[in-house]
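Structural overview
These are the residues of each chain, in order.
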Amino acid sequence: MEISSYVALSGQLTLEQRMATLAGNIANANTPGFKAGTVSFKTVATNAGVGGSAFAAISANSLNMSTGGMTHTSNPLDLATSGGAVFAFQSPQGIYYSHDGRLTVSAEGQLQNLQGHSLLDPSNSPVSLDPSAGEASVGRDGSIAQNGRVTGQVGLFLLNLDDGYNR
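Residues numbered from 1 in each chain as written. Predicted model: local features only at pLDDT ≥ 70, side-chain atom pairs only at ≥ 80, totals over all residues. Heavy atoms only, no water.

1. Regarding the overall build of the protein
The helix and strand inventory of the protein stands at 1 helix and 10 strands. Counting helices and strands in the order they occur from the N terminus, the protein gives α-β-β-β-β-β-β-β-β-β-β. Relative to its full complement of 167 residues, the protein shows a buried share of 30%. Relative to all contacts within the protein whose residues are 6 or more apart in sequence, the contacts with residues 24 or more apart total 43%. (Helix = DSSP H or I, 4+ residues; strand = E, 2+ residues; numbered from the N terminus. Buried < 20%, exposed > 50% of the residue type's maximum accessible area, 1.4 Å probe, protein only. Contact = heavy atoms within 4.5 Å.)

Laid out in structure tokens, this is it:
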């Protein structure tokens, strides 16, 4: 195969990654807490062929961590973050992080997301409410109060994404 075919193939492979990233962004445009992906490219020059060749390559994948729009809801337990902070949840597979702060209270009093995974506090323990202590409110700092008494804290975490993002 001639070098020009490899150059064309490298361009097609990078465009395929770009299209996959754009398709994922469009498919999740209305997903609460979704962060859009971006992909950047670079040129890789070689001495192959007459006068050298330039191949297309992926330089980096990343996430847009800027704060998106927030919508007021009637649920006092629907939370939102700003400044890149995320919530932590405990699933059967382990701890994971999300911007989706739509919460409910389980029969046992634990704050959970819509998947039934427990919201974690700063020490990675599940956040619980006292079902007999009345309605809970969450302060701007993540403190949880019932009957005017602080009873817990929502864990807010900053992730180090300096190493890039890989799908």
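2. Description of a nonpolar patch on the surface
Taken together, the side chains of Tyr 6, Leu 9 and Leu 13 present a nonpolar region at the surface, about 290 Å² in accessible area. Residue class for Leu 9 comes out partly exposed when judged on its relative accessible area of 44%. (Patch = residues over 30% accessible without salt bridge, like charges linked within 9 Å, V, L, I, M, F, W, Y side chains within 5 Å. Areas by Shrake-Rupley, 256 points an atom, 1.4 Å probe, with all protein chains shown as cover. Salt bridge = Lys/Arg side-chain N within 4 Å of Asp/Glu carboxyl O.)

3. Some details on the confidence of the model for the protein
In low-pLDDT segments, the atomic positions of the prediction should not be examined closely. Residues at a pLDDT of 70 or more form 87% of the protein, whose mean pLDDT is 81. The secondary-structure element of the protein with the lowest mean pLDDT is strand 2 (residues 53-63), recorded at 74, while strand 7 (residues 118-119) shows the highest, at 95. For residues 163-167, every residue scores under 50 in pLDDT, and the model assigns this stretch 9 contacts once sequence neighbours within four places are set aside. (pLDDT = per-residue confidence, 0-100.)

4. Observations regarding the environment of Gly 142
Mapped onto the secondary structure, Gly 142 falls in the loop between strand 8 (136-138) and strand 9 (143-146). In this structure Gly 142 comes out as buried when scored by relative accessible area, which is 6%. Along the primary structure Gly 142 and Thr 81 are separated by 61 residues, whereas in three dimensions their C-alpha atoms are 9.6 Å apart. Gly 142 has contacts with Gly 152, Gln 153 and Val 154, leaving out every residue within four places of it along the chain.

5. As for unusual backbone geometry
What is expected of a backbone is that most residues other than glycine have negative phi and most peptide bonds are trans. Its identity is not glycine, yet Asn 124 carries a phi of approximately 65°, on the positive side. Even without being a glycine, Asn 147 presents a positive backbone phi close to 55°.

6. Structural notes on helix 1 (residues 3-27)
With 25 residues, helix 1 should cover 36 Å at 1.5 Å per step; its first-to-last C-alpha distance of 36 Å lies within 8% of that length. All of the buried residues in helix 1 are Ser 10, Gly 11, Thr 14, Thr 21 and Asn 25. (Expected span 1.5 Å × (residues − 1).)

7. A few points about the packing of aromatic side chains
In the structure shown here, the tally under the stated rule is 3 aromatic pairs. With a centroid separation of 5.8 Å and an interplanar angle of 65°, the aromatic rings of Tyr 97 and Phe 157 are classed as edge-to-face. Here the residue Tyr 97 occupies a position in strand 4 (residues 94-98), and Phe 157 occupies one in the segment after strand 10 (149-153), the gap between them amounting to 60 residues. Judged by its relative accessible area of 38%, Tyr 97 falls in the partly exposed class. Aromatic ring contacts, followed pair by pair, group Phe 87, Phe 89 and Tyr 96 into a single cluster. (Phe/Tyr/Trp six-rings, centres within 6.5 Å; stacked < 30°, edge-to-face > 60°.)

8. Examining the pattern of salt bridges
Applying the stated rule across the entire model yields 1 salt bridge. Ionic pairing is found between Arg 102 and Asp 100, a salt bridge with its closest N-O pair at 2.8 Å. The exposure class assigned to Arg 102 is partly exposed, which follows from its relative accessible area of 31%. By relative accessible area, Asp 100 is classed as buried at 13%.

9. Description of the sheet that holds strand 10
An order of 8-9-10 is seen for the 3 strands of this open sheet, with the pairing classed as antiparallel. This sheet does not close on itself; its edge strands, each paired only once, are strand 8 and strand 10. Taking each pair of neighbouring strands and ignoring which way they run, the sheet shows an average axis angle of 30°. (Pairing = 2+ DSSP bridges. Axes fitted to C-alpha atoms, helices over the stretch in contact; angles between N-to-C directions.)

10. What to know about the side chain of Asn 113
For Asn 113, the position within the fold is in strand 6 (residues 111-113). A distance of 2.7 Å separates polar atoms of two side chains, one belonging to Asn 113 and the other to Tyr 96. Leave out the neighbours within four places in its chain, and Asn 113 touches Phe 89, Tyr 96, Arg 102, Leu 103 and Thr 104. (Polar contact = N/O pair within 3.5 Å; in protein donor to acceptor, adjacent residues only side chain to side chain.)

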